[in-house]
Amino acid sequence: MRLFLFIIFCFCFTAAAVAQDFPGVSVPGTTVMPDPLAPPAIPFIDLTVRNPQGGQEVAFSLQLLLLLTVLSLAPSIIILMTSFLRVSIVLDFIKRALSLQQVPPNQVILGISLFLTVFIMWPTFSAIYTNSIRPLSAGELSVENAYREAVNPLRDFMFNQMINEIEGRPGVMQRHSNIELFMDMRDLPPPDSPDDVPTYVLIPAFILNEMTIAFKIGILLFIPFIVIDMVVASALMSMGMIMLPPVMISMPFKLILFILVDGWGLLTDQLIRSFV
């Protein structure tokens, strides 16, 4: 009986506690579901081909075509119409003269040649930008005039490397064999001034001239290192070391000699002075 009364009392007490409100400090909880994210926006690119509506659009199309043509020919222009050709050949000659196979790598040689070309050709590039590119972008020059203003500094540079004035006769230029060679191939009369030489004749003549000068410099660079190879080979032969490659012994001596005379500095100085 007592157990039954105790159970009833516990049940009544629990029901009364549940019926009471929560304390005032408590707040009802709420849950808000976020909105779904919007799908990512993908831009739509439309390339259409239509007829130009005016002269400005025609000029813009021609300028864009000319720009793409120049960009496609830029590597050939930099390699063949600047000092890059001579510098790169001479640096490769000195690498072979030192009997070096992988040091410095070819990428380093080409990088050095590129920046030396920028240094040597900076006045020419500045003249092209000032007289051609800037007026063309400002609309002050036509495409034809801009081309002429861009070609003239390059022509002056190539002529300065090929022909010189005759002593005592200012304005009278010495004839160059390469120019005469290509002029004869085209059945053109001998030029009396640089203006008489077409650009399509000047460029191959300049390329042959640069290769000839570069090979002459390379031969001069090879001579002292060949002497070292001959001395080392003779010493090994006299000692009976026939099976020992002379290059393994001579290469350290060539490197020591090249470093002691500041070879890189002298080579760079003479290369730059050869264009002045």
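Rules used throughout
- Residues numbered from 1 in each chain as written.
- Predicted model: local features only at pLDDT ≥ 70, side-chain atom pairs only at ≥ 80, totals over all residues.
- Heavy atoms only, no water.
- Phe/Tyr/Trp six-rings, centres within 6.5 Å; stacked < 30°, edge-to-face > 60°.
- Helix = DSSP H or I, 4+ residues; strand = E, 2+ residues; numbered from the N terminus.
- Buried < 20%, exposed > 50% of the residue type's maximum accessible area, 1.4 Å probe, protein only.
- Lys NZ or Arg CZ within 6 Å of the ring centre and 35° of its normal.
- Patch = residues over 30% accessible without salt bridge, like charges linked within 9 Å, V, L, I, M, F, W, Y side chains within 5 Å.
- Areas by Shrake-Rupley, 256 points an atom, 1.4 Å probe, with all protein chains shown as cover.
- Salt bridge = Lys/Arg side-chain N within 4 Å of Asp/Glu carboxyl O.
- pLDDT = per-residue confidence, 0-100.
- Contact = heavy atoms within 4.5 Å.
- Polar contact = N/O pair within 3.5 Å; in protein donor to acceptor, adjacent residues only side chain to side chain.
- Core = buried A, V, L, I, M, F, W, Y, C linked by side-chain atoms within 4.5 Å.
- Axes fitted to C-alpha atoms, helices over the stretch in contact; angles between N-to-C directions.
- Parallel < 35°, antiparallel > 145°, perpendicular 65-115°, else oblique.
- Left-handed = near helix turned anticlockwise from the far one by under 90°.
- Nonpolar A, V, L, I, M, F, W, Y, C, P; charged D, E, K, R; others polar.

Comments concerning the packing of aromatic side chains
Any two aromatic rings considered together are summarised by their centre-to-centre distance and by the angle between their planes.
Point 1. Scanning the entire structure with this criterion turns up six aromatic pairs.
Point 2. Judged by centre distance (5.3 Å) and plane angle (80°), the rings of Phe93 and Phe215 are edge-to-face. Taken together, the residues Phe93 in helix H3 (residues 84-97) and Phe215 in helix H7 (residues 199-238) connect sequence positions 122 residues apart.
Point 3. Classification of Phe93 as buried rests on a relative accessible area of 16%.
Point 4. Through a chain of ring-to-ring contacts, three or more aromatic side chains come together here, namely Phe93, Phe215 and Phe222.
Point 5. When the ring centre of Phe275 is taken as reference, the NZ or CZ atom of Arg86 above it lies at 4.0 Å.

Topic: a nonpolar patch on the surface
Point 1. Together, Ile78, Ile79, Leu114, Phe115, Val118, Trp122 and Phe125 make up a nonpolar patch on the protein surface, roughly 650 Å² of accessible area in all.
Point 2. Breaking the nonpolar patch down by element, the ones donating at least two residues are helix H2 (55-80) and helix H4 (106-137).
Point 3. For the nonpolar patch, the leading source of residues is H4, giving five residues.
Point 4. Along the chain, the position of Phe115 falls in helix H4.
Point 5. What makes Phe115 exposed here is its relative accessible area of 63%.

Observations regarding the confidence of the model for the chain
Point 1. In this model, the chain carries a mean pLDDT of 76, and residues with pLDDT of at least 70 account for 72%.
Point 2. At the level of individual helices and strands, the chain shows its lowest average pLDDT in helix H1 (residues 2-19), which scores 53, and its highest in H3, which scores 89.
Point 3. Counting interchain partners and residues more than four positions distant, the pLDDT-below-50 stretch residues 165-173 has twelve contacts.

Notes on the side chain of Lys254
Point 1. Take Lys254: it is sitting in helix H8 (residues 246-260).
Point 2. A relative accessible area of 0% places Lys254 in the buried class.
Point 3. Side-chain polar atoms of Lys254 contact the side chain of Ser99, separated by 2.6 Å.
Point 4. Apart from residues lying up to four places away in sequence, Lys254 is in contact with Ala97, Leu98, Ser99, Phe225, Ile228 and Asp229.

Structural notes on the nonpolar core
Point 1. In this structure, Val87, Ile94, Met162, Ile179 and Leu267 are the most contacted members of the largest nonpolar core, which totals 39 residues.
Point 2. Secondary structure elements with two or more residues in this core: H3, H4, helix H5 (143-162), helix H6 (177-185), H7 and helix H9 (263-273).
Point 3. Leave out the neighbours within four places in its chain, and Val87 touches Ser113, Leu116, Ile120, Leu271 and Phe275.

Quick notes on the packing of H3 against H4
Each pair of packed helices gets described by two things: the angle between the helix axes and the distance between those axes.
Point 1. It is the contact of H3 with H4, at a shortest axis distance of 9 Å, that shows an interaxial angle of 140°. One way to sum up the angle between H3 and H4 is to call them oblique. Between H3 and H4 lies a crossing whose hand is right-handed. Across the interface between the two elements, Phe84, Val87, Ser88, Leu91 and Lys95 from H3 touch Asn106, Ile109, Leu110, Ile112, Ser113, Leu114, Leu116, Thr117 and Ile120 from H4.
Point 2. Classifying every residue of the contact of H3 with H4 gives nine nonpolar, four polar and one charged.

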